[in-house]
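# Coordinate inspection notes
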Amino acid sequence: MNLAAVTAGETARIYHIWPVILPLIPLAGGILVFALGRLSKRIYPLLSFLVTLVTLLSTAGLYPLVKQGDLYCQLPKFMAVGLSFRVDLLSFIFALLVSLAWCVVTLFSLPYMRQEKYSLTYFVFLLFTLAGNLGVMVTGDWVTFFLFFELMTVASYVLVIQNRTDEAMHAGMYTLVLGIAGGLVLLGGVFLLHSLAGHVQISPMMLALQGVPAWSLATILICFMVGFGIKAGMIPLHVWMPRAYGASPAIVNAFSSGAMVKAGIYGIIRIVLLVFTPADMAAKEAFHFAASAGYVIIWLGLITMVFGALMALLQNHAMRLLSYSSISQMGYIIVAIGSAAYLFGLEEAMGFSGAVFHAINHTLYKVSFFLIFAIIFYHTGEYRLDRLGGLWRKFPLLMVFFLLSFGAISGLPLLNGYASKTLIHDALLEAHHYYHTFDIYLAERLFVLGSAFTFCYYAKLFYCTFLGPLPEKYNVNYHTSFLMYLPLALLAAGIILLGIWPNIFIENYLLPAASQFQFYRGGIEHLTGFHFFSEAPLNASATIFLLAVLLALIGFRFRFFWWKPPANLSVEKIVLQPVVSFLYRMLTHLGPKTDNAINSFYYKIASDFLALCRVVGQMDSSLDSFYENSSRKAYQIVEKSRNLEDSLVDAYDRSSKGAYQLIERGQLVDESLNEAYDLSSMKAYRLMEKSRQLDESLNSAYESSGRAAKNIYDKTAKMDNALNMAYERSGKAAKELIVPGKDSTQTSKRKSKVSSSFKINPMEWNIKNLNFDTLLLAIMLGIVFFVLFFFR
Amino acid sequence: MWEGDELLGMYWQAIIPLWVVLFPIFMTPAIFILSKRSEKLRDGLSVLTAVITFFSVASLYPFVMEGKTIEYTLFQILPELGVTVRIDILSFCLAILSSFVWMMATIYSLDYMKPEHGKNRYYPVLIFTLGATLGIFFAGDFFTLYVFFELMSLVSYVLVIHEETPTALKAGYKYLIMTIIGGLALFFAIIATFELAGSVSLSKGVLVSKPSTLAFFAFVCYLIGFGMKAGMFPLHVWLPEAHPVAPSPASALLSGIMLKTGAYGMLRVLFYVFNIEVVQSARWDLLVAVLAVITILLGSAVALTQFDLKRRLAYSSIGQMGYVLLGMILFTEQGLVGDIFHIFSHAFMKSTLFLAAGAIIWKTGLRNINDLAGIGRKMPFTMGAFTIAALAMIGIPPLNGFLSKWTLSLGALEAGLPIYVVILLISSLLNGLYYLPIIIAAFFGGEEQEHAHGEAQHVEAGINLRGEATAKMVIPMVILGLGCFFLGLFPSNIAYELSLKAAVFLFRGGM
């Protein structure tokens, strides 16, 4: 077959609903199990197994279709953005792997769960987790991927806390929060990818991402690597794994290590080897980013691998040891992915095949390890290595299975681990061959060292479990169900078959899968008919084993493997915990503090305002009291003035009374005066009468004397005239001297007196007198009446 | 130019907004009077009113989906200032959401309120508030909106203090004071707008098209007025006090719907009083954005430290309203879709959560989160609804919370602001940190102790309805909880379509 002619663009696309149905089978099965679980306790475990079996068969049944081309299906309006599903060969391989692992472990669970509590919850969530795990493999875009990824994270939580102990609850929470955090970081990467590339299909995107600065691409890659790294247990994101594995039953760990971790690996393969490649092989420069990322990923993988192995060496708890072993094995796969990316355009098929093959192999032997320890725990209730030992007498068959898996994981030829390790090792050698740099050489050496460590910690595990003295309390006869051995036998068959004929698998499955990627066709061709059992890889394997045996001897002799590192010496304790607890504390302190500060700020404002109001109130009240005071004063003044007025009125009264009295007195005076006047007038009248009589007598006297006097008068008249003339002359002279005035009137009065005395006219004079008096009286009366009238 | 039937149709459509606002308001005295006669009649009439209101609003759907807008003036107080009615897609979105959740909460109230006192006060106020809330959405100008806004705020005070405990009265007082401050700020803003533009109508396009000092003050006052209602930092202080003390159906409405009136008001301000160019050129959006970010982080962070269930939910509401405020200020179409969709999502999620919390309190009297271990096994439907809504809050696909987070984040990236995506993701993680322990304790907590008693080795998380609340309580919250699921996953996503249309509508000038 001319593989070089096949390119991704030419792969047929077949529209098929089956990829959608695939994850729905366990989902619906889980609901069904939940519904039926209440009815009968016997049926649901079997039903769960049947669901996983159906899932496995329907996945396997896709093979004829997948061989023809990609299966795809789109649900355009679901979740508003649309869901899309796609199954190509790589998806198919992983989906098959996952459903196989799930089916085998569920089979094992049937007898195992009989003694466990919460088995309904276990079986229901087992199926839900399978749905998520399988869904991840069959999706065609990152949103759908994320949907199932989260389903897996959330559903698997319930499996982690299967024991419901405090330790399990804590570990579960830890796992869940880390899983969700990882999911969110992943989601951030998906957002970035969507905004930069315009879509989130799981397809080569480098052309769409052309011109995007490298740091943006790096951010996307980091987001994805963090999200998947947490799931895959990549150091330093592995921290949840030892905790969760240490607290949950071995069968759950078998799911986790055998299948769920592979979702992370699958994601890393997709993002590194597919998304960051151009759809067209010709655009060579577009590979640069992936190549430089590959270099970093190689080192991440090596760190994970070597540290995982070292940590595994020091564990005393079988589950924790196996968890570090899983971490370390993921390191192998990450190294392989990294070297594939590093060798883009050269021999990337080698790394790719190594990664996928190793993922499969790891599932096979790691699941059997977990199941072996599940059986041991089932009987002994113990995972701690220092309390186990000598079990080969009780479980000889288990020891055989253990040794088989042991050989496989440490890379014994003719077992499956050897083939995939050889591929990864060769990929590193190729990298060194092409780039000739010292660090890649170092990487290759580290890889050898890590493999040797792998042998050592499994030797320790084997020694502690099966060799040595058998504790007394375990010296009883155990009956192990056939159903428990059956899954182990199946896995062992897989280990042996893949180990003896790796080429068949690689050529029929892996290389066609690789050819759907943008890989150098020559590299793929190199792998057809790869000589696994030629001299060079066997030599490398021998080196590893020699080194491993040496290390193991030293370790056992000096009991290095039983050294307990101080509890504080771990990535978790040194880096993660302080950072996380600092962030958490900062948030939980800062938030409420801000909130309280604002609240108290408002209260402060309110209380200040209230104080202000109080001041205003005081001002108001003082103003009020001022008004009150002043009004009181005014009142007092008014009162005083009223007193004054009263006294005034009194005074007026009194004065008016006085005046009245005065008037009365005046009246009296007046009356008396009147009387007096009357009297006097009467007297005057009498006097007047008398004087008239006198006058008459006088008159007659005068008349008689008048005649006589007339003579005299005549004579005196003459004299008078003469005198008059004299007076006139003197008067003229006096007039010149005297100013008109009193003197002159006096003078004139005197003159008139003089004249009246001379011109005596008694009648005239009387009347004149009388009139004047009356006038005076009238005026006086008027005044008196006026006064009386007024002050009355 | 309409002839015959079409004219008649238009006429009826025009009358509906008036009808749905006035119908509950006029039913209020009827309910009050009937409550003296018979409790059953009162309850029945309340539910009937809510249901009729919902279906009346829903009958506008075909009309609104055609993209039509109706606007008319009822009467004028001054020239350019009167009571006007308006239907457009945005008001329809909010109205249909409100009347739906209201209907659910009213049905839920029937049993929840049974042991409570003051029911003769509760139901009329509940229904009246519905009318006032719909009035806000169907108002055609800011003056009418203001009137209904104040009406709703003041009348809902009675709901807040319903229990009449000292805490409730204190919280109610705080609520009242803040409401009045907000109302005054809003009033000033509206006056300032009127001064600047000579009109406060929603049909005039952009009212203020030039940034000025007065315009800025108006903007800030709008922000105070509406932001206060939406629980925006630093005006959120009344919210964590008032929401937990109200009866749970009222809390669900306060948190689920009435907060949204603030968001609705801000949307109208951003797209009708000002416009994108004005706000962006004057950099006023930065103010809102900073406040929104603080609101998000603060709400989530404080929720972590609360152990009273309803208080935790109330702080969560603050954080979620921060999303809404952030979404509208992104000024991208995608962001706006996410924003309006998040209004839907949050209404569904938070009312479910409050109703579930209410059912727990009603049934067991437990409010403290630490006491809730094992409650999920006793009340599986209640906690099931709670779980769906809480997972939606965290943003687990395919629930509606994920969809709103997705669209909001893409909007933020479209606007070139990836930092907001980081904020959203951090907030999601915090949501996880404070919701997950509740769920976990409810379903898986306390099992050890139960089994320690020796009875029932194989007690499973089976369905045991003896511990569950009554059907009238369970059904509304299950419907709302399933709404979180259906509005997330399913292809005929009414909420998403409406949000999409509304966003496009607003972006085209909202005419």
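Keep in mind the model is a prediction, meaning the values are calculated, not measured. (Residues numbered from 1 in each chain as written. Chains lettered and ligands numbered in written order. Predicted model: local features only at pLDDT ≥ 70, side-chain atom pairs only at ≥ 80, totals over all residues.)

### Topic: the overall build of chain A
- Looking only at helices and strands, chain A has 23 helices and 3 strands in total.
- The C-alpha radius of gyration of chain A comes to 67 Å, more than 25% above the 28 Å expected for a compact globule of 792 residues.
- The dimensions of chain A, computed from C-alpha atoms along their principal axes, are 215 × 65 × 55 Å.
- Across the 792 residues of chain A, 44% fall into the buried class.
- In chain A, the proportion of contacts linking residues at least 24 apart, taken out of those at least 6 apart, comes to 82%. (Helix = DSSP H or I, 4+ residues; strand = E, 2+ residues; numbered from the N terminus. Rg over C-alpha atoms; globule rule 2.2 N^0.38 Å. Buried ≥ 20, exposed ≤ 12 C-beta atoms within 10 Å, placed from the backbone. Contact = placed C-beta atoms within 7 Å.)

### Here we look at the overall build of chain B
- The number of helices and strands found in chain B is 21 helices and 2 strands.
- Since a compact globule built from 511 residues should have a radius of gyration of about 24 Å, the 22 Å found for chain B is in line with a globular shape.
- If you line up chain B on its principal axes, its C-alpha atoms span 80 × 60 × 45 Å.
- For chain B, the proportion of its 511 residues judged to be buried stands at 61%.
- For chain B, restricting intrachain contacts to residue pairs at least 6 apart in sequence, the fraction spanning at least 24 positions comes to 79%.

### What about the interface of chain B and chain A?
- Opposite the 41 residues of chain B that make contact, chain A presents 40 residues.
- For the side of chain B that touches chain A, the secondary structure elements donating two or more residues are α12 (284–304), α17 (400–414), α18 (418–444), α19 (447–452) and α20 (471–489) of chain B.
- Its residues assigned to classes, the side of chain B that touches chain A comprises 28 nonpolar, 9 polar and 4 charged. (Nonpolar A, V, L, I, M, F, W, Y, C, P; charged D, E, K, R; others polar.)

### Notes on the domain arrangement of chain A
- According to the domain assignment, chain A consists of domain 1 (3–565) and domain 2 (576–737).
- Each of domain 1 of chain A and domain 2 of chain A was reduced to a C-alpha centroid, and the two centroids are 122 Å apart. (Domains from an automatic or database assignment.)

### Remarks on the environment of Q320 of chain B
Residue and element names in this part refer to chain B.
- Looking at where Q320 falls in the secondary structure, it is placed in helix α13 (residues 309–329).
- Residue Q320 is classed as buried on the basis of its C-beta count, with 28 C-beta atoms lying within 10 Å.
- For the pair Q320 and L424, spaced 104 residues apart in sequence, the C-alpha separation works out to 9.8 Å.
- Aside from chain neighbours lying at most four places away, what touches Q320 is H346 and K350.

### Some points on the pairing of strand β2 (residues 81–87) of chain B
Residues and elements named next belong to chain B.
- The sheet contact formed by strand β1 (residues 70–78) and β2 spans 7 bridges and is antiparallel. The residue of β2 that forms the bridge with E71 is R86.
- Hairpin geometry of β1 and β2 is characterised by an intervening segment of 2 residues between the two adjacent antiparallel strands and by a positive phi of about 70 degrees at E80. (Pairing = 2+ DSSP bridges.)

### Some thoughts on the pairing of strand β3 (residues 83–87) of chain A
Residue and element names in this part refer to chain A.
- Across the 5 residues of β3, 5 count as buried, placing the element largely inside the fold.
- Residue alternation in β3 divides its side chains into two sets, L83, F85 and V87 and S84 and R86, and both sets are buried.
- Pairing geometry for strand β2 (residues 69–75) and β3, over 5 bridges, is antiparallel. Within the sheet, the bridge partner assigned to Q74 lies in β3 and is S84.

### Regarding the sheet that holds β3 of chain A
All names here are of chain A.
- Read across the open sheet, the 3 strands follow the order β1-β2-β3; overall the sheet is mixed. In this open sheet, the two edge strands, each paired with only one partner strand, are β1 (12–15) and β3. Here the average twist between neighbouring strands, direction ignored, is 30 degrees.
- As defined by bridge partners, β1 adjoins β2 across 4 bridges and the pair is classed as parallel. Along β2, the bridge assignment pairs A12 with G69. (Axes fitted to C-alpha atoms, helices over the stretch in contact; angles between N-to-C directions.)

### Concerning unusual backbone geometry
- Along the chain, I235 of chain A connects to P236 of chain A via a cis peptide bond; the corresponding omega equals 10 degrees.
- Inspection of the secondary structure assignment puts P236 of chain A in the loop between α8 (214–232) and α9 (240–247).
- Cis rather than trans, the peptide bond between F233 of chain B and P234 of chain B has omega equal to -5 degrees.
- By secondary structure assignment, the location of P234 of chain B is in the loop between α8 (213–230) and α9 (239–245).
- At E164 of chain B, a position not held by glycine, the phi torsion is positive, near 65 degrees.

### Some details on the nonpolar core
- One finds V272 and I337 of chain A together with L325 of chain B to be the most contacted residues of the largest nonpolar core, which totals 435 residues.
- Discounting chain neighbours no more than four positions away, the residues touching L325 of chain B are A230, M232, M266, V288, A292 and T295 of chain B. (Core = buried A, V, L, I, M, F, W, Y, C linked by C-beta atoms within 7 Å.)

### Some thoughts on helix α17 (residues 482–500) of chain A
- For α17 of chain A, spanning 19 residues, the distance from its first C-alpha to its last is 27 Å, which sits close to the expected 27 Å at 1.5 Å a residue.
- Of the surrounding secondary structure, the elements contacted by the buried residues of α17 of chain A are α4 (89–112), α13 (348–380), α14 (396–409), α15 (416–435) and α18 (502–515) of chain A. (Expected span 1.5 Å × (residues − 1).)

### A closer look at the packing of helix α10 (residues 248–273) of chain B against helix α14 (residues 333–364) of chain B
Residues and elements named next belong to chain B.
- Running from amino to carboxyl end, α10 crosses α14 at an angle of 160 degrees, the nearest separation of the two axes being 7 Å. Considered as vectors, α10 and α14 are oriented roughly antiparallel to each other. Of the two elements, α10 crosses α14, and the hand of that crossing is right-handed. For the pair α10 and α14, contact is made by S248, P249, S251, A252, S255, G256, I257, K260 and A263 and by I343, A347, K350, S351, F354, L355, A357, G358 and I361, respectively.
- Residue composition of the contact of α10 with α14, grouped by class: 10 nonpolar, 6 polar and 2 charged. (Parallel < 35°, antiparallel > 145°, perpendicular 65-115°, else oblique. Left-handed = near helix turned anticlockwise from the far one by under 90°.)

### Remarks on the packing of helix α2 (residues 39–58) of chain B against helix α5 (residues 119–138) of chain B
Residue and element names in this part refer to chain B.
- Running from N to C, α2 and α5 cross one another at 10 degrees; their axes reach a closest spacing of 10 Å. It follows from the interaxial angle that α2 and α5 lie roughly parallel. Every residue of α5 that contacts α2 at R42, S46, T49, A50 and T53 is listed here: Y123, L126, I127 and L130.
- Taken together, the residues that form the contact of α2 with α5 break down as 5 nonpolar, 3 polar and 1 charged.

### Considering the confidence of the model for chain A
All names here are of chain A.
- Mean pLDDT for chain A: 83, with 91% of residues reaching 70 or above.
- Here residues 1–9 scores under 50 on pLDDT; set against residues more than four positions off or in separate chains, the count is 11 contacts.
- Throughout residues 754–758 the model reports pLDDT below 50, and contacts reaching past four residues in sequence, or to other chains, amount to 0 contacts. (pLDDT = per-residue confidence, 0-100.)

### Things to note about the environment of K604 of chain A
Residue and element names in this part refer to chain A.
- Checked against the element boundaries, K604 lands in helix α21 (residues 571–737).
- By the C-beta count within 10 Å, which is 11 here, K604 ends up exposed.
- For the pair K604 and K690, spaced 86 residues apart in sequence, the C-alpha separation works out to 119 Å.

### Looking at the confidence of the model for chain B
Residue and element names in this part refer to chain B.
- Looking at chain B, the pLDDT average stands at 87 and 94% of residues meet or exceed 70.
- When the criterion is pLDDT under 50, residues 453–463 qualifies, and its contacts beyond four places in sequence or with other chains add up to 12 contacts.
- Across the predicted assembly, pTM comes out at 0.82 and ipTM at 0.88.

### Structural notes on the environment of S405 of chain A
Residue and element names in this part refer to chain A.
- Among the secondary structure elements, S405 is positioned in helix α14.
- A C-alpha to C-alpha distance of 7.5 Å links S405 and A492, two positions 87 residues apart in sequence.
- Setting aside anything within four residues of it in sequence, one finds S405 in contact with Y365, S368, F369 and I495.

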